[in-house]
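# Secondary and tertiary structure notes
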Amino acid sequence: MSSIVDTLTDPQTLLAGAVAVGVGLTVISVGMPLLERNEMTTRMKAVAGEREKLRARERARLAAERAVSLRAEPKAYMKNLVDRLKLRQALSDEKTAERLRQAGYRGQAPLTVYLFARFVMPFACFAAAMLYFFVLAKLDIATNMKFVYSFVATGVGLYLPNLWVENAISKRQQSIRRAWPDALDLLLICIESGMSIEPAFRRVADEIGAQSLPLAEEMSLTAAELSYLQERRKAYENLAGRTGLEMVRGVTTALIQAERYGTPLGQALRVLAQESRDSRMSEAEKKAASLPPKLTVPMIVFFLPVLFVVIIGPAMIQLFGWK
(Lines give C-alpha, C1' and ligand atoms only; values in the text may rest on other atoms or scores of the structure.)
Protein backbone atom coordinates (compact mmCIF):
# COMPACT_ATOMS: atom_id res chain seq x y z
CA MET A 1 0.00 0.00 0.00
CA SER A 2 2.82 2.39 0.84
CA SER A 3 4.38 1.84 -2.58
CA ILE A 4 1.06 2.52 -4.26
CA VAL A 5 0.58 5.70 -2.26
CA ASP A 6 4.12 6.83 -3.08
CA THR A 7 3.49 6.17 -6.76
CA LEU A 8 0.23 8.12 -6.76
CA THR A 9 1.78 11.05 -4.92
CA ASP A 10 4.89 11.15 -7.09
CA PRO A 11 4.98 14.49 -9.02
CA GLN A 12 6.21 12.83 -12.19
CA THR A 13 3.36 10.32 -12.09
CA LEU A 14 0.82 13.08 -11.55
CA LEU A 15 2.31 15.10 -14.38
CA ALA A 16 2.25 12.11 -16.72
CA GLY A 17 -1.35 11.39 -15.79
CA ALA A 18 -2.37 15.00 -16.42
CA VAL A 19 -0.62 14.97 -19.80
CA ALA A 20 -2.35 11.71 -20.72
CA VAL A 21 -5.76 13.10 -19.77
CA GLY A 22 -5.12 16.29 -21.76
CA VAL A 23 -4.02 14.35 -24.82
CA GLY A 24 -7.06 12.10 -24.55
CA LEU A 25 -9.46 15.05 -24.30
CA THR A 26 -7.76 16.71 -27.27
CA VAL A 27 -8.14 13.59 -29.37
CA ILE A 28 -11.79 13.28 -28.39
CA SER A 29 -12.54 16.95 -29.14
CA VAL A 30 -10.88 16.69 -32.56
CA GLY A 31 -12.30 13.31 -33.48
CA MET A 32 -15.91 13.71 -32.34
CA PRO A 33 -16.93 16.14 -35.14
CA LEU A 34 -15.43 13.73 -37.67
CA LEU A 35 -17.44 10.83 -36.30
CA GLU A 36 -20.74 12.69 -36.15
CA ARG A 37 -23.14 12.44 -39.06
CA ASN A 38 -23.94 15.54 -41.05
CA GLU A 39 -27.63 16.10 -40.27
CA MET A 40 -27.88 19.43 -42.07
CA THR A 41 -29.40 17.88 -45.19
CA THR A 42 -31.97 15.97 -43.18
CA ARG A 43 -32.88 19.02 -41.13
CA MET A 44 -33.19 21.20 -44.24
CA LYS A 45 -35.48 18.62 -45.82
CA ALA A 46 -37.60 18.55 -42.68
CA VAL A 47 -37.83 22.36 -42.62
CA ALA A 48 -38.76 22.42 -46.31
CA GLY A 49 -41.45 19.82 -45.69
CA GLU A 50 -42.91 21.82 -42.82
CA ARG A 51 -42.86 24.95 -44.97
CA GLU A 52 -44.75 23.20 -47.74
CA LYS A 53 -47.31 21.92 -45.24
CA LEU A 54 -47.85 25.45 -43.91
CA ARG A 55 -48.22 26.82 -47.43
CA ALA A 56 -50.70 24.08 -48.35
CA ARG A 57 -52.69 24.80 -45.20
CA GLU A 58 -52.79 28.53 -45.93
CA ARG A 59 -53.80 27.89 -49.55
CA ALA A 60 -56.61 25.62 -48.38
CA ARG A 61 -57.80 28.22 -45.90
CA LEU A 62 -57.65 30.94 -48.55
CA ALA A 63 -59.62 28.75 -50.96
CA ALA A 64 -62.22 28.07 -48.27
CA GLU A 65 -62.54 31.80 -47.52
CA ARG A 66 -63.01 32.54 -51.22
CA ALA A 67 -65.58 29.78 -51.60
CA VAL A 68 -67.58 31.02 -48.64
CA SER A 69 -67.50 34.61 -49.85
CA LEU A 70 -68.53 33.63 -53.38
CA ARG A 71 -71.42 31.46 -52.23
CA ALA A 72 -72.75 33.98 -49.73
CA GLU A 73 -76.24 35.11 -50.69
CA PRO A 74 -78.63 37.40 -48.81
CA LYS A 75 -81.83 36.10 -47.34
CA ALA A 76 -84.90 36.23 -49.51
CA TYR A 77 -86.76 38.59 -47.19
CA MET A 78 -83.83 41.04 -47.25
CA LYS A 79 -83.75 41.11 -51.02
CA ASN A 80 -87.52 41.46 -51.26
CA LEU A 81 -87.59 44.37 -48.83
CA VAL A 82 -84.72 46.18 -50.59
CA ASP A 83 -86.30 45.71 -54.01
CA ARG A 84 -89.82 46.62 -52.88
CA LEU A 85 -88.78 49.86 -51.15
CA LYS A 86 -86.15 50.71 -53.83
CA LEU A 87 -83.47 51.21 -51.22
CA ARG A 88 -80.68 50.94 -53.79
CA GLN A 89 -81.70 54.26 -55.32
CA ALA A 90 -82.46 55.89 -51.97
CA LEU A 91 -79.57 54.83 -49.73
CA SER A 92 -76.67 53.83 -51.98
CA ASP A 93 -74.46 55.22 -54.71
CA GLU A 94 -71.13 54.36 -56.34
CA LYS A 95 -69.22 55.46 -53.26
CA THR A 96 -71.20 53.03 -51.10
CA ALA A 97 -70.26 50.09 -53.31
CA GLU A 98 -66.64 51.25 -53.31
CA ARG A 99 -66.53 51.41 -49.50
CA LEU A 100 -68.00 47.92 -49.28
CA ARG A 101 -65.32 46.62 -51.66
CA GLN A 102 -62.64 48.24 -49.53
CA ALA A 103 -64.11 46.44 -46.52
CA GLY A 104 -63.86 43.13 -48.39
CA TYR A 105 -67.55 42.76 -49.26
CA ARG A 106 -67.86 42.31 -53.02
CA GLY A 107 -70.88 41.81 -55.19
CA GLN A 108 -74.54 42.65 -54.83
CA ALA A 109 -75.25 40.41 -51.85
CA PRO A 110 -73.27 42.48 -49.29
CA LEU A 111 -74.86 45.64 -50.68
CA THR A 112 -78.31 44.15 -50.11
CA VAL A 113 -77.46 43.20 -46.53
CA TYR A 114 -76.01 46.66 -45.89
CA LEU A 115 -79.10 48.45 -47.20
CA PHE A 116 -81.38 46.15 -45.22
CA ALA A 117 -79.38 46.89 -42.05
CA ARG A 118 -79.50 50.64 -42.67
CA PHE A 119 -83.27 50.50 -42.99
CA VAL A 120 -83.99 48.13 -40.11
CA MET A 121 -81.46 49.20 -37.47
CA PRO A 122 -83.10 52.57 -36.61
CA PHE A 123 -86.43 50.89 -35.91
CA ALA A 124 -84.75 48.10 -33.95
CA CYS A 125 -82.79 50.57 -31.81
CA PHE A 126 -85.90 52.68 -31.21
CA ALA A 127 -87.89 49.60 -30.11
CA ALA A 128 -85.05 48.43 -27.86
CA ALA A 129 -84.74 51.88 -26.27
CA MET A 130 -88.50 52.12 -25.67
CA LEU A 131 -88.51 48.65 -24.10
CA TYR A 132 -85.63 49.57 -21.84
CA PHE A 133 -86.87 52.97 -20.67
CA PHE A 134 -90.57 52.16 -20.29
CA VAL A 135 -90.55 48.49 -19.24
CA LEU A 136 -87.23 47.15 -17.99
CA ALA A 137 -85.55 50.13 -16.31
CA LYS A 138 -87.15 51.81 -13.30
CA LEU A 139 -85.67 55.24 -13.88
CA ASP A 140 -87.00 58.45 -12.41
CA ILE A 141 -87.01 60.29 -15.75
CA ALA A 142 -89.72 62.35 -17.36
CA THR A 143 -91.68 60.69 -20.15
CA ASN A 144 -90.67 63.26 -22.75
CA MET A 145 -86.98 62.67 -21.93
CA LYS A 146 -87.48 58.94 -22.42
CA PHE A 147 -88.81 59.66 -25.90
CA VAL A 148 -85.83 61.96 -26.55
CA TYR A 149 -83.38 59.23 -25.54
CA SER A 150 -85.25 56.75 -27.73
CA PHE A 151 -84.94 59.04 -30.74
CA VAL A 152 -81.23 59.45 -29.99
CA ALA A 153 -80.94 55.66 -30.06
CA THR A 154 -82.71 55.75 -33.43
CA GLY A 155 -80.05 58.08 -34.79
CA VAL A 156 -77.33 55.82 -33.44
CA GLY A 157 -78.95 52.85 -35.16
CA LEU A 158 -78.95 54.76 -38.43
CA TYR A 159 -75.15 55.07 -38.34
CA LEU A 160 -74.30 51.64 -36.91
CA PRO A 161 -73.93 49.96 -40.35
CA ASN A 162 -71.60 52.76 -41.45
CA LEU A 163 -69.50 52.31 -38.32
CA TRP A 164 -69.34 48.58 -38.97
CA VAL A 165 -68.10 49.14 -42.53
CA GLU A 166 -65.57 51.77 -41.47
CA ASN A 167 -64.20 49.43 -38.80
CA ALA A 168 -63.86 46.62 -41.34
CA ILE A 169 -62.08 48.98 -43.76
CA SER A 170 -59.67 50.10 -41.05
CA LYS A 171 -58.76 46.54 -40.04
CA ARG A 172 -58.34 45.44 -43.64
CA GLN A 173 -56.16 48.41 -44.58
CA GLN A 174 -54.01 47.90 -41.50
CA SER A 175 -53.40 44.28 -42.46
CA ILE A 176 -52.54 45.23 -46.05
CA ARG A 177 -50.33 48.12 -44.93
CA ARG A 178 -48.24 45.88 -42.67
CA ALA A 179 -47.69 43.18 -45.30
CA TRP A 180 -47.33 45.43 -48.37
CA PRO A 181 -43.52 46.03 -48.18
CA ASP A 182 -42.88 42.28 -47.91
CA ALA A 183 -45.23 41.66 -50.83
CA LEU A 184 -43.32 44.21 -52.91
CA ASP A 185 -40.03 42.49 -52.08
CA LEU A 186 -41.47 39.15 -53.18
CA LEU A 187 -42.90 40.73 -56.33
CA LEU A 188 -39.50 42.26 -57.12
CA ILE A 189 -37.77 38.88 -56.69
CA CYS A 190 -40.30 37.21 -58.97
CA ILE A 191 -39.97 39.86 -61.68
CA GLU A 192 -36.17 39.94 -61.58
CA SER A 193 -36.10 36.15 -61.86
CA GLY A 194 -37.84 36.43 -65.24
CA MET A 195 -41.50 35.85 -64.36
CA SER A 196 -44.22 37.88 -66.02
CA ILE A 197 -46.54 40.02 -63.95
CA GLU A 198 -49.50 37.59 -63.79
CA PRO A 199 -47.56 34.58 -62.43
CA ALA A 200 -45.68 36.96 -60.14
CA PHE A 201 -48.92 38.20 -58.62
CA ARG A 202 -50.18 34.64 -58.17
CA ARG A 203 -46.94 33.54 -56.54
CA VAL A 204 -46.90 36.50 -54.18
CA ALA A 205 -50.54 35.85 -53.29
CA ASP A 206 -49.69 32.26 -52.34
CA GLU A 207 -46.71 33.32 -50.24
CA ILE A 208 -48.22 36.35 -48.50
CA GLY A 209 -51.41 34.56 -47.40
CA ALA A 210 -49.83 33.49 -44.11
CA GLN A 211 -49.11 37.12 -43.23
CA SER A 212 -52.13 38.95 -44.63
CA LEU A 213 -55.15 37.15 -46.01
CA PRO A 214 -56.80 40.36 -47.35
CA LEU A 215 -53.69 41.22 -49.36
CA ALA A 216 -53.53 37.67 -50.75
CA GLU A 217 -57.15 37.96 -51.85
CA GLU A 218 -56.56 41.30 -53.55
CA MET A 219 -53.46 40.12 -55.39
CA SER A 220 -55.20 36.92 -56.51
CA LEU A 221 -58.12 38.97 -57.81
CA THR A 222 -55.70 41.32 -59.60
CA ALA A 223 -53.95 38.36 -61.24
CA ALA A 224 -57.32 37.08 -62.46
CA GLU A 225 -58.27 40.52 -63.82
CA LEU A 226 -54.93 40.81 -65.62
CA SER A 227 -55.76 37.57 -67.40
CA TYR A 228 -59.20 38.45 -68.75
CA LEU A 229 -59.53 42.25 -68.83
CA GLN A 230 -58.84 43.92 -72.16
CA GLU A 231 -56.98 46.82 -70.51
CA ARG A 232 -54.39 45.80 -67.94
CA ARG A 233 -54.42 49.36 -66.64
CA LYS A 234 -57.97 48.76 -65.41
CA ALA A 235 -56.82 45.82 -63.26
CA TYR A 236 -54.18 47.97 -61.55
CA GLU A 237 -56.68 50.78 -60.99
CA ASN A 238 -59.13 48.30 -59.49
CA LEU A 239 -56.45 47.11 -57.07
CA ALA A 240 -55.79 50.66 -55.92
CA GLY A 241 -59.52 51.36 -55.57
CA ARG A 242 -60.25 48.19 -53.58
CA THR A 243 -57.47 48.87 -51.07
CA GLY A 244 -57.81 52.64 -50.76
CA LEU A 245 -54.15 53.06 -49.76
CA GLU A 246 -51.76 55.62 -51.20
CA MET A 247 -48.79 53.25 -51.10
CA VAL A 248 -50.70 50.75 -53.22
CA ARG A 249 -51.80 53.51 -55.59
CA GLY A 250 -48.16 54.53 -56.09
CA VAL A 251 -47.16 50.98 -57.02
CA THR A 252 -50.08 50.62 -59.42
CA THR A 253 -49.11 53.91 -61.06
CA ALA A 254 -45.57 52.58 -61.55
CA LEU A 255 -46.96 49.37 -63.03
CA ILE A 256 -49.20 51.32 -65.42
CA GLN A 257 -46.28 53.49 -66.57
CA ALA A 258 -44.08 50.44 -67.06
CA GLU A 259 -46.85 48.79 -69.07
CA ARG A 260 -47.38 51.87 -71.23
CA TYR A 261 -43.83 53.17 -71.81
CA GLY A 262 -41.76 50.04 -71.25
CA THR A 263 -39.74 51.51 -68.39
CA PRO A 264 -37.76 49.14 -66.12
CA LEU A 265 -39.93 47.94 -63.27
CA GLY A 266 -37.33 46.47 -60.91
CA GLN A 267 -35.78 49.75 -59.76
CA ALA A 268 -39.18 51.38 -59.29
CA LEU A 269 -40.42 48.45 -57.18
CA ARG A 270 -37.24 48.53 -55.10
CA VAL A 271 -37.66 52.24 -54.35
CA LEU A 272 -41.37 51.88 -53.61
CA ALA A 273 -40.73 48.92 -51.31
CA GLN A 274 -38.21 50.97 -49.34
CA GLU A 275 -40.65 53.88 -49.13
CA SER A 276 -43.40 51.57 -47.88
CA ARG A 277 -41.08 50.12 -45.28
CA ASP A 278 -40.05 53.61 -44.14
CA SER A 279 -43.71 54.60 -43.93
CA ARG A 280 -44.45 51.54 -41.79
CA MET A 281 -41.52 52.37 -39.52
CA SER A 282 -42.58 56.02 -39.19
CA GLU A 283 -46.08 54.89 -38.26
CA ALA A 284 -44.65 52.64 -35.55
CA GLU A 285 -42.47 55.50 -34.28
CA LYS A 286 -45.50 57.79 -34.22
CA LYS A 287 -47.42 55.30 -32.09
CA ALA A 288 -44.44 54.93 -29.77
CA ALA A 289 -44.14 58.73 -29.43
CA SER A 290 -47.84 59.04 -28.58
CA LEU A 291 -47.59 56.43 -25.82
CA PRO A 292 -46.35 58.70 -22.95
CA PRO A 293 -49.29 61.14 -23.17
CA LYS A 294 -51.70 58.22 -23.27
CA LEU A 295 -50.12 56.73 -20.14
CA THR A 296 -50.39 59.95 -18.15
CA VAL A 297 -53.99 59.46 -16.99
CA PRO A 298 -53.55 55.74 -16.07
CA MET A 299 -50.38 56.60 -14.18
CA ILE A 300 -52.14 59.32 -12.18
CA VAL A 301 -55.27 57.29 -11.50
CA PHE A 302 -53.85 53.84 -10.82
CA PHE A 303 -50.10 53.91 -10.14
CA LEU A 304 -49.49 57.06 -8.11
CA PRO A 305 -52.05 56.30 -5.33
CA VAL A 306 -50.53 52.85 -4.82
CA LEU A 307 -47.04 54.34 -4.82
CA PHE A 308 -48.05 56.92 -2.20
CA VAL A 309 -49.55 54.21 0.00
CA VAL A 310 -46.37 52.12 -0.21
CA ILE A 311 -44.11 55.10 0.56
CA ILE A 312 -46.17 56.92 3.19
CA GLY A 313 -47.86 53.84 4.73
CA PRO A 314 -44.99 52.75 7.05
CA ALA A 315 -44.41 56.33 8.23
CA MET A 316 -48.12 56.76 9.02
CA ILE A 317 -48.14 53.48 10.94
CA GLN A 318 -45.18 54.60 13.06
CA LEU A 319 -46.60 58.09 13.51
CA PHE A 320 -50.04 57.06 14.75
CA GLY A 321 -48.87 53.88 16.47
CA TRP A 322 -51.14 51.60 14.40
CA LYS A 323 -50.78 47.89 14.84
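Everything here concerns the structure above.
I will try to describe carefully the structure that is included in this document.

About the criteria used
- Residues numbered from 1 in each chain as written.
- Predicted model: local features only at pLDDT ≥ 70, side-chain atom pairs only at ≥ 80, totals over all residues.
- Heavy atoms only, no water.
- Core = buried A, V, L, I, M, F, W, Y, C linked by side-chain atoms within 4.5 Å.
- Buried < 20%, exposed > 50% of the residue type's maximum accessible area, 1.4 Å probe, protein only.
- Helix = DSSP H or I, 4+ residues; strand = E, 2+ residues; numbered from the N terminus.
- Contact = heavy atoms within 4.5 Å.
- Expected span 1.5 Å × (residues − 1).
- Polar contact = N/O pair within 3.5 Å; in protein donor to acceptor, adjacent residues only side chain to side chain.
- Axes fitted to C-alpha atoms, helices over the stretch in contact; angles between N-to-C directions.
- Parallel < 35°, antiparallel > 145°, perpendicular 65-115°, else oblique.
- Nonpolar A, V, L, I, M, F, W, Y, C, P; charged D, E, K, R; others polar.
- Salt bridge = Lys/Arg side-chain N within 4 Å of Asp/Glu carboxyl O.
- Phe/Tyr/Trp six-rings, centres within 6.5 Å; stacked < 30°, edge-to-face > 60°.
- Lys NZ or Arg CZ within 6 Å of the ring centre and 35° of its normal.
- Left-handed = near helix turned anticlockwise from the far one by under 90°.

A separate point is the nonpolar core. In terms of nonpolar packing, the biggest core is built from 35 residues, with Leu187, Ile197, Phe201, Leu215 and Leu269 touching the most fellow members. Counting only elements with at least two residues in this core, the list comes to helix H8 (143–192), helix H9 (197–208), helix H10 (213–228), helix H11 (232–243), helix H12 (246–261) and helix H13 (265–289). Broken down by element, this core gets its largest block of residues, nine residues, from H8. Aside from chain neighbours lying at most four places away, what touches Leu187 is Ile197, Ala200, Phe201, Val204 and Leu269. Listed in part, the 12 residues of the second largest apolar core include Leu87, Leu111, Phe116 and Ile169.

Our next topic: H10. Here H10 contains 16 residues, and its C-alpha end-to-end distance of 23 Å stays within 8% of the 22 Å for a straight helix at 1.5 Å per residue. For H10, a buried count of 12 out of 16 residues is recorded, marking the element as mostly surrounded by other parts of the structure. Every buried residue of H10 is listed here: Leu213, Pro214, Leu215, Ala216, Glu217, Glu218, Met219, Ser220, Thr222, Ala223, Glu225 and Leu226. Capping the start of H10, Ser212 holds a side-chain oxygen 3.4 Å from the backbone nitrogen of Leu215, two or three residues further along.

For the rest of this paragraph, the subject is the packing of H13 against helix H14 (residues 291–320). Contact geometry for H13 and H14: axes closest at 5 Å, N-to-C directions at 30 degrees. Compared by their axis directions, H13 and H14 come out roughly parallel. Two secondary-structure elements touch here, H13 through Lys287, Ala288 and Ala289 and H14 through Leu291, Pro292 and Pro293. Of the residues that constitute the contact of H13 with H14, the class distribution is five nonpolar, no polar and one charged.

Attention shifts here to the pattern of salt bridges. Inspection of every chain in the model, using the stated rule, returns 13 salt bridges. For the salt bridge of Arg88 with Asp83, the shortest nitrogen-to-oxygen distance reads 4.0 Å. When the shortest N-O distance is used, the salt bridge between Glu207 and Arg203 registers 3.3 Å. With Glu207 and Arg203 both in helix H9 and four residues apart, this pair spans about one turn of that helix.

With that out of the way, let us pick up the packing of aromatic side chains. Applying the stated criterion across every chain, the model contains five aromatic pairs. Where Phe133 meets Tyr149, the ring centres are 5.7 Å apart and the plane angle is 35 degrees; that geometry is what we call tilted. With Phe133 in helix H7 (residues 108–136) and Tyr149 in helix H8, this pair connects stretches of sequence that are 16 residues apart. Members of the aromatic cluster, connected to one another through ring pairs, are Tyr132, Phe133 and Tyr149. Above the plane of the ring of Phe134 lies Lys146, whose end atom (NZ or CZ) is 5.2 Å from the centre.

Locating Lys146 in the fold gives a position in helix H8. Measuring from C-alpha to C-alpha, the distance between Lys146 and Tyr132 comes to 9.6 Å, with 14 residues separating the pair along the chain. If we skip the residues at most four places from it in the chain, Lys146 touches Phe133, Phe134, Leu139 and Ile141.

Attention now goes to the packing of H10 against H11. The description of two packed helices rests on the angle between their axes and on the distance between the axes. Where H10 meets H11, the closest approach of the two axes is 9 Å, and the angle between their N-to-C directions is 160 degrees. It follows from the interaxial angle that H10 and H11 lie roughly antiparallel. The crossing of H10 and H11 is right-handed. Across the interface between the two elements, Glu218, Leu221, Thr222, Glu225 and Leu226 of H10 pack against Arg232, Ala235, Tyr236, Asn238, Leu239, Arg242 and Thr243 of H11. Partitioned by chemical class, the residues of the contact of H10 with H11 number five nonpolar, three polar and four charged.

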